[in-house]
Amino acid sequence: MKAKTIEINWHDGLAIYSVDYSSDGIRFASAGADTSVRLWSIKRRADNSKDNNKTGLPVHIEFLSELKRHSGPVNVVRFSPSGEYLASAGDDSCVIIWKRSIVGESAFGRDNAEFEKESWSVVHMFHGHNKEIYDLAWSPCGEYIITASIDNTARVWSIGARSTIHVFTDHTHYVQGVAWDPLGEYVATQSSDRSVAVYHYKQDSQRRLHFGAAKRHYKMNKTAESTSTRFYHDENLVTFFRRLSFSPDGTFLITPAGVMTAGAEDGDSNVMHCAFIYPRNTIRKHPIAHTSNHNKPTIAVRWSRHAYQLRPTKKAKLFTLPHRLLYAVASQEAIYIYDTQQSKPLCVVSGMHFAPITDVSWSHDGRMLAFSSADGYCSTVVFDEEELGVIGKLPARESITMTTSIDNDIPYEQQQQQQHATEKDVVMMDISSPPQPTRVEKRAAIATVTPQADKTKKRRIAPTLISSSLTSSTISPSSSTSRIFPNETQNQG
C-alpha cells in the first residue's frame, strides 16, 4: 500500500471540493473553486515500472478535458452509474448534466483547450435552487438525481423530463449531503440542523416517483454511555459538506458529522467525533453502531463498489453478513478505512494535506482511493492486489436482509436490553479506533496499520508562500481559496 499527494496543477492552485471515479475506471473527475470541472485518467503504475522510480508516484495521471460552464465554485461532481453522463453543481445554484461529444463546448476562458484529449458538451442545465448546491447523488437507474442546497431544501430532478419532480422542505438549515439507496427504495438527506432525513418512495406503472413522509434522526434517549441527546454537530461545525452514503448492496447507511459525549454536555472538551451506522432493517428507527475517536469531525463517507470474501478469523464478526464491505470515512484531516468484519480500522492515512479534506472516492476495482483537499491538491492511496481481500460477488437482495424483532414504539434503551445475544446487528456498538491515528508522512510508502494513541501530537505548520508560475507542476498550498464557511453566513439556533 502506498499513499502519495499528487502535486500537479489541479485547479490553478485553488481549493478542490469534489472528486469522483467513473464506474468503468476510465475517468476521474475533480471540481474546484476555479469554477471548472476537470477530467483525468488515473492508472496504477506497475511495481517494476522505470517511470515509477523517476516520478515517485504510484499512479500515472493524464489530463483529458476541462468543462467550464459554471459561474461560481463547483462543489460536487458525480458520474452517472453507467458512466455515460456527468453531473456537476455549485455556488451558482445550477446543476449541469454533461455528456461526451464530438464537438466540445466553446466557453469563454478555456485556456487548456489545446491540451484536451476528449470533448464534453452540456445536455441540460437545471435551475430551481436559489442558493448554493453542496451535494448530489444519482438514482441507481441513472434517470434521476437528488441535490442538496443551503436554501434548506433538497430536490429530485428527472433527466428525461428535464424538470424538478419533488422538493423536500423538512430541514430548517443547510442541506449538506444526499444519498440514494442502490436498491431503489430510499433517499436520505443530511443537514446542519443536526438531523438526517430518510424518505421511502415507490415507482408507479408510468415510472413516476412518489415519496413518503420524512423520518428524521436527530437525537436519542440518554444512556449510561453518553449524556448527549443529539446525534450530529450543529451549524457551527466549520465544513461545507456532510456527505452520507449507502453501501453498494443497500445494507447500510453511514452518516458523517456525528457527535457523542462521554459524561459531559455538548460543547465540553470530551466531545467525541464519529459517524453513525444505520442498517437497512432499522433505517427509519435508529442507528446500531458508530465509529469513534476521530481526531476531527467526519465530513464524508464512500463505499468500495465491491463485496469481499470474509477473512479467516476466530473472532466474532462485527456484522452478520456473508461477505465483507469496505468503506472510507473522511474526517477533516484523515482517512479511516474500515470493513464490516472487524471493529478497528484497517488503516488510517493522515498528514497528507495542509487544509481540510473535502471528498473521497474509490476506483472501480477497489484498489485506489483518492481524496481531495481545500489546499488545492488530491492524494491517492494505492493497494496491492488482494491486499484488501479477495473480491467476491454481491449477493441477491434476499440473502442480505437483516432481521430484528425491535418494536419502534419501545424506548431506545429498553430496545437494547431486549435484544437476543445473537442479534448483534441491532445493538448500538462503538466501532472504536484509538484517539489519535499514526501520521503517515508524504512521499513515504506505507503498510496497513492500526493507529496508536498519541497525546503529544504536534500540529503541522502551514508553509509560507513561494511564488511560482501557473505552468509549474507544483502549486503552493497557501494559494487556497478564502471562501467563507457556512456558519459565517447564517447562524440559526
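Residues numbered from 1 in each chain as written. Predicted model: local features only at pLDDT ≥ 70, side-chain atom pairs only at ≥ 80, totals over all residues. Heavy atoms only, no water.

Taking an unreviewed UniProt entry as the reference, the protein chain is identified by name as Chromatin assembly factor 1 subunit b belonging to Lichtheimia corymbifera JMRC:FSU:9682. Regarding the protein chain, the UniProt comment filed under Sequence similarities (unreviewed entry) reads as follows: "Belongs to the WD repeat HIR1 family." We quote the UniProt Subcellular location (unreviewed entry) comment for the protein chain here in full: "Nucleus". (UniProt positions renumbered as here; feature names shortened; annotations may be inferred.)

Judged by pairing direction, the sheet is antiparallel, and its 4 strands sit side by side in the order β22-β23-β24-β25 without closing on themselves. Unpaired on one side and paired on the other, β22 (298-308) and β25 (347-350) mark the two borders of the sheet. Direction aside, neighbouring strands of the sheet carry axes that sit 15 degrees apart on average. The pairing of β22 with strand β23 (residues 324-331) spans 7 bridges and is classified as antiparallel. Among the inter-strand pairings, W303 is bridged to a residue of β23, identified as Y327. (Pairing = 2+ DSSP bridges. Helix = DSSP H or I, 4+ residues; strand = E, 2+ residues; numbered from the N terminus. Axes fitted to C-alpha atoms, helices over the stretch in contact; angles between N-to-C directions.)

The next point concerns the pattern of salt bridges. All told, the structure shown has 18 salt bridges when counted by the stated rule. Note that R38 is salt-bridged to D12, the shortest N-O span being 3.4 Å. Placement of the pair is R38 in strand β4 (residues 37-44) and D12 in the loop between β1 (2-6) and β2 (16-21), with a sequence separation of 26 residues. Judged by its relative accessible area of 3%, R38 is buried. For D12, a relative accessible area of 33% puts it in the partly exposed group. Note that E62 and K117 form a salt bridge whose closest N and O atoms lie 3.5 Å from each other. Of this pair, E62 sits in strand β5 (residues 59-67) while K117 is found in the loop between β8 (94-101) and β9 (119-127), placing the two residues 55 residues apart along the sequence. Judged by its relative accessible area of 30%, E62 falls in the partly exposed class. Through salt bridges with shared partners, a single ionic network connects D12, D34, R38 and E66. (Salt bridge = Lys/Arg side-chain N within 4 Å of Asp/Glu carboxyl O. Buried < 20%, exposed > 50% of the residue type's maximum accessible area, 1.4 Å probe, protein only.)

On to the sheet that holds strand β26 (residues 357-362). The strand order β1-β28-β27-β26 describes an open sheet built from 4 strands, whose pairing is antiparallel. Of all strands in the sheet, those bounded by a partner on one side alone are β1 and β26. Geometrically, the sheet is characterised by an average inter-axis angle of 20 degrees between neighbouring strands, direction not taken into account.

On to the packing of aromatic side chains, then. Evaluated as defined, the whole model comprises 23 aromatic pairs. A ring pair is formed by Y201 and F211, whose centres lie 5.3 Å apart and whose planes are at 40 degrees; its orientation type is tilted. One end of the pair, Y201, is in strand β16 (residues 195-203); the other, F211, is in strand β17 (residues 209-217), and 10 residues separate them in sequence. Like F211, Y201 is buried. When the ring of F252 is compared with that of F319, the centres are 4.8 Å apart and the planes differ by 50 degrees; the resulting orientation is tilted. Remark: F319 occurs in the loop between β22 and β23 and F252 occurs in strand β19 (residues 252-261); sequence separation between them is 67 residues. Looking at F319, the relative accessible area reads 3%, which means it is buried. Site record: aromatic cluster; members linked through ring pairs are Y144, F168, W180, Y199, Y201 and F211. A cation sits over an aromatic face here: R243 above F241, 3.8 Å from the ring centre. (Phe/Tyr/Trp six-rings, centres within 6.5 Å; stacked < 30°, edge-to-face > 60°. Lys NZ or Arg CZ within 6 Å of the ring centre and 35° of its normal.)

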